[in-house]
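# Results of the structural survey
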Amino acid sequence: MPTKNATLTGITMMLLGILLFSVNDVLGKWLVATYTIGQVVLLRSVAALIVIAPFVVKQGIGRTLRPERPWLQVLRVTLGSCEVALFYWAVSYLPLADTMTLWLAAPVWAVILAALLLGERVDAGRWLAVVVGFIGVAVALNPSGQSLTLPAIIALVGSVSFAAMMIMGRQLRGTPDVTLVAWQTLGAFVMGLILLPFGWTTPSVAHIGLLGLLGIVAMAAHLCVTRSLKLAEASVVVPYQYTLIVWALIFGWFIFGDWPSLSMLIGSGLIVVAGLALMVLERRAGKATEMLDPP
């Protein structure tokens with residue numbers, strides 16, 4: 001069991017990681033207002049690859065390039081690369097808090113996808129949480145109002161892609177973190193190359209630095225979250241990921257002058273409740289399994 005100090009450190013690392021992700025999202029939203037999605041994803045990935053290169057060398061290039069279950073890795077990388085592009089596409093049109101609200105619905109979609117694609121058994125409690133989360137998404141989208149737009153649908157598709165990537169991650173839990181991050185970053189780099197012909201705006205020297213910082217901040221955020229999950233139990237630190245909504249509200253209002261609608265705030269509340277309920281139910285199910293397992 002993690003010690004008290006390790007748990008506190010794990011919580012701190014999760015909070016720091018989520019703050020860094022929020023800064024990354026703000027930088028991304030600001031940059032895609034000037035530059036194309038392709039070049040933002042490409043230059044972000046170049047910076048991240050430079051940062052992770054020493055870790056790849058230390059682990060071994062051959063070990064990184066020959067992961068377990070390579071076709072599943074390719075599928076995960078494809079989903080992750082699409083998710084990154086869809087996020088930048090959505091956030092270029094939507095308020096930051098609106099986009100992050102729909103992305104935080106990923107655990108709800110993950111339960112549905114696990115049941116449909118992997119045949120996982122889902123009990124009544126988790127289905128109830130899924131229904132609450134689905135209602136939250138419906139309220140946030142506000143189909144009868146002005147919220148159900150193409151960017152909102154793009155954000156929704158992106159959150160489903162992220163959920164599918166989470167499912168793939170479960171199947172690859174034995175793969176080293178460096179391998180997962182390196183492949184994911186390489187996939188985003190390829191996605192940037194694919195999207196690059198759709199437009200290019202030559203950045204200034206200062207903006208090249210910001211585009212590089214985007215990748216470095218994202219990499220640091222991933223490392224903080226990964227370390228957090230190694231220092232403390234997931235059920236303890238994962239709930240702190242919902243501070244993302246708080247930062248999105250603060251940064252969205254302070255930097256972009258955005259404030260979400262009442263329906264978006266209510267919907268985000270339902271989504272957070274559903275996500276926390278799913279986490280608690282998952283933890284209980286895990287403890288019940290441990291009690292049934294023979295020593």
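Calculation criteria
- Residues numbered from 1 in each chain as written.
- Predicted model: local features only at pLDDT ≥ 70, side-chain atom pairs only at ≥ 80, totals over all residues.
- Heavy atoms only, no water.
- Helix = DSSP H or I, 4+ residues; strand = E, 2+ residues; numbered from the N terminus.
- Expected span 1.5 Å × (residues − 1).
- Bend = angle between axes of the 7 residues up to and from the residue.
- Buried < 20%, exposed > 50% of the residue type's maximum accessible area, 1.4 Å probe, protein only.
- Axes fitted to C-alpha atoms, helices over the stretch in contact; angles between N-to-C directions.
- Parallel < 35°, antiparallel > 145°, perpendicular 65-115°, else oblique.
- Left-handed = near helix turned anticlockwise from the far one by under 90°.
- Contact = heavy atoms within 4.5 Å.
- Patch = residues over 30% accessible without salt bridge, like charges linked within 9 Å, V, L, I, M, F, W, Y side chains within 5 Å.
- Areas by Shrake-Rupley, 256 points an atom, 1.4 Å probe, with all protein chains shown as cover.
- Salt bridge = Lys/Arg side-chain N within 4 Å of Asp/Glu carboxyl O.

We now examine helix H2 (residues 37–59). The end-to-end C-alpha distance of H2, which contains 23 residues, comes to 31 Å, matching closely the 33 Å that a straight helix rising 1.5 Å per residue would cover. Along H2, the helix axis deviates most sharply at Ile52, where the bend reaches about 40°; the proline Pro54 sits within four residues downstream. Residues of H2 that are buried: Gly38, Gln39, Val40, Val41, Leu42, Arg44, Ser45, Ala47, Ala48, Ile52, Val56 and Gln59. Once H2 finishes, Gly60 follows within two positions and takes phi at roughly 115°, a positive value.

Describing two packed helices takes the angle between their axes plus the distance from one axis to the other. Contact pair H2 / helix H10 (residues 205–231): the axes reach a minimum separation of 7 Å and the direction vectors enclose 55°. As far as their axial angle goes, H10 and H2 are oblique. Judged by the sense of rotation from one axis to the other, the crossing of H2 with H10 is right-handed. For the pair H2 and H10, the contacting residues are Val40, Leu43, Arg44, Ala47, Ala48, Val51 and Ile52 in the first and Leu211, Gly212, Leu214, Gly215, Ile216, Ala218 and Met219 in the second.

As a further point, take the environment of Leu49. Its place among the elements puts Leu49 in helix H2. On the basis of relative accessibility, which here comes to 25%, the residue Leu49 falls in the partly exposed class. Sequence separation between Leu49 and Ala115 is 66 residues, and the spatial gap between their C-alpha atoms is 35 Å.

Time to look at a nonpolar patch on the surface. A cluster of nonpolar side chains, Val246, Ile250, Trp253, Phe254, Ile255, Trp259 and Leu265, forms an exposed patch at the surface whose accessible area comes to about 760 Å². The element contributing the most residues to the nonpolar patch is helix H12 (residues 243–256), with five residues. With respect to the helices, strands and loops of the structure, Trp253 is situated in helix H12. For Trp253, a relative accessible area of 53% puts it in the exposed group.

Scope: geometric values only; no functional claims are made or implied.
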